[in-house]
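Single-letter residue listing:
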Amino acid sequence: LFNANPMARPAMIMGSATEGGAFRTAVGERSNITLSDGSSVVLNTNSRVEIRFTPEQRNVRLLAGQAWFQVAKNPSRPFVVEAGDRRVTALGTAFDVRLGAGDSVRVTLAEGKVSVEPILSPLQRLISEPPVPQLLLAGEALVVSDDAPVEKVKADLAKVQSWRQGQVVFDNDTLETAINEINRYSATRIELADPALGQLRVSGVFKAGHSESFVETVTGHYPIQVAGREDSRIVLTAAQ
C-alpha cells in the first residue's frame, strides 16, 4: 500500500450562500458551494453545475465532472439533481454524482435515501410507460453506461469520498485506471508507451494533483521507467 501525501493541497474555492447560478472548477480545483437552504455542493476537479431554486423545488444540473451533495431536509421542497440522462431526487441525504465518458453516470449514496430515474424526452413520455424509479440505500451505487445494463452495486464509500480530502485511493485497480484518475487532477498527463503495462495492479493513497509523486512511487515499485518528460506530459515504459 503506497501513501504519497505531500503537504500541498489542491486549490479549494469557497462560495457564499446562493439560490442559483452557474459554477465551475478548473483542473486541480475543488469548490464548496453553500446553498441558501442549508445544503451544500462540493465540486471536484474540472466540473460544472447549474443551480436553480424555485419555491417548489431545488434543482441542480451537473454538466461535467463530479459533485458531492449534502442536502438539508425539506419534504415539501425536493432536491433534484440531473446528470446525463438520470434524475436523482432526495429529501435529506448525502450523495456523490460523477459523469464519465459518453453519458455514463455513477450515483453513490452515503446517507439517507435517493431515487434515480431516467430523464425522458417529450416523445419518450408520449410513447413510453413512466419509468420506475430505483431506490438507493446508504452504501449503494447506481452505475449507468452506454454499453452495459444499469447496475446497482455495493459502494466503497471511503474510496468515493476521498477526493473531498484531496486524495485519490486505489484498491487493486489497474495501472491504466489509476493513471486515468490521476490525470483528472493535473495538467501534466501521464501516458504509457506500452499498453500492456496498464494491467499491472495498484493499491495506495495518493495526493490529487501530484502527478510527479505518483510517477516516483510507481517507478520505484514496478519495472517501469520514465521514457520521456515534457512540461505537460510524462511517458512511462517498461524498465530496461
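The rules we used
- Residues numbered from 1 in each chain as written.
- Predicted model: local features only at pLDDT ≥ 70, side-chain atom pairs only at ≥ 80, totals over all residues.
- Heavy atoms only, no water.
- Pairing = 2+ DSSP bridges.
- Helix = DSSP H or I, 4+ residues; strand = E, 2+ residues; numbered from the N terminus.
- Buried < 20%, exposed > 50% of the residue type's maximum accessible area, 1.4 Å probe, protein only.
- Lys, Arg positive; Asp, Glu negative; His and termini not counted.
- Salt bridge = Lys/Arg side-chain N within 4 Å of Asp/Glu carboxyl O.
- Polar contact = N/O pair within 3.5 Å; in protein donor to acceptor, adjacent residues only side chain to side chain.
- Contact = heavy atoms within 4.5 Å.
- Axes fitted to C-alpha atoms, helices over the stretch in contact; angles between N-to-C directions.
- Core = buried A, V, L, I, M, F, W, Y, C linked by side-chain atoms within 4.5 Å.
- Parallel < 35°, antiparallel > 145°, perpendicular 65-115°, else oblique.
- Left-handed = near helix turned anticlockwise from the far one by under 90°.

For the rest of this paragraph, the subject is the pairing of strand β7 (residues 58-64). Where strand β6 (residues 48-53) and β7 come together, six bridges link them in antiparallel fashion. Counted as the bridge partner of V49 is L62 from β7. Between β6 and β7, which follow one another and run antiparallel, lie four residues. The pairing of β7 with strand β9 (residues 79-83) spans five bridges and is parallel. By the bridge assignment, V60 is partnered in β9 with V81.

Moving on, we get to the side chain of D96. As for its placement among the helices and strands, D96 is situated in strand β11 (residues 94-99). Despite being buried, D96 has no salt bridge partner; R164 is the closest side chain of opposite charge, sitting 6.0 Å away. Among the polar contacts listed, one links the side chain of D96 to the side chain of Q66, at a separation of 3.0 Å. Beyond its immediate stretch of four places on either side in the chain, D96 contacts Q66, A67, W68, R106, V107, T108, V160 and W163.

This brings us to the sheet that holds β6. Across a sheet, strands are paired by hydrogen bonds formed along the backbone, either parallel or antiparallel in direction. The seven strands are arranged β3-β6-β7-β9-β10-β13-β14 in an open sheet whose pairing can be described as mixed. Here the strands that pair on one side only, and so sit at the sheet edges, are β3 (20-24) and β14 (134-137). Taking each pair of neighbouring strands and ignoring which way they run, the sheet shows an average axis angle of 20°. Relative to β14, strand β13 (residues 113-118) runs antiparallel, the two being bridged by four bridges. When the bridges of β14 are listed, K113 appears paired with L137.

If you look at soluble globular proteins, the nonpolar side chains tend to sit buried side by side. Core analysis: the largest hydrophobic core is formed by 28 residues, its most contacted members being F69, F79, V81, F95, V97, V107 and V114. Every residue in contact with V114, bar those within four places of it in the chain, is listed here: V88, T89, A90, T93, F95, L109, Q134, L135 and L136. Core analysis: the next-biggest nonpolar cluster, separate from the first, contains 24 residues, V168, F170, F206 and F214 among them.

With that out of the way, let us pick up the sheet that holds strand β20 (residues 224-230). In space, the three strands of this open sheet follow the order β18-β21-β20, with mixed pairing throughout. Each edge of the open sheet carries a strand with a single partner, namely β18 (189-192) and β20. Adjacent strand axes in the sheet meet at a mean angle of 25°, parallel and antiparallel pairs treated alike. With six bridges connecting them, β20 and strand β21 (residues 233-238) associate as antiparallel partners. When the sheet's bridge partners are listed, I224 is paired in β21 with A238. Packed onto the sheet, helix α3 (residues 175-183) meets β18 and β20 and runs at close to 160° relative to β18.

Turning our attention to the pattern of salt bridges. Per the counting criterion, the structure on display carries ten salt bridges. Between R61 and E82 there is a salt bridge, with the nearest N and O atoms lying 3.4 Å from each other. Linking R61 in strand β7 with E82 in strand β9, this pair joins segments that are 21 residues apart in sequence. The class for R61 is partly exposed, based on a relative accessible area of 26%. With its nearest N and O atoms 2.9 Å apart, the salt bridge here joins E181 to R98. On the criterion of sequence distance, the pair formed by E181 in helix α3 and R98 in strand β11 is long-range, its members being 83 residues apart. One network of salt bridges, with partners in common, ties together R61, E82 and R87.

To continue, consider the packing of α3 against helix α4 (residues 211-221). Following both chains from N to C, one finds α3 and α4 inclined at 160°, their axes separated by 10 Å at the closest point. Judged by the angle between their axes, α3 and α4 are roughly antiparallel. Helix-helix and strand crossings are classified by hand; for α3 and α4 the assignment is right-handed. Contact with α3, carried on its side by L175, A178, I179 and I182, involves S211, F214 and V218 of α4 and no other residues of that element.

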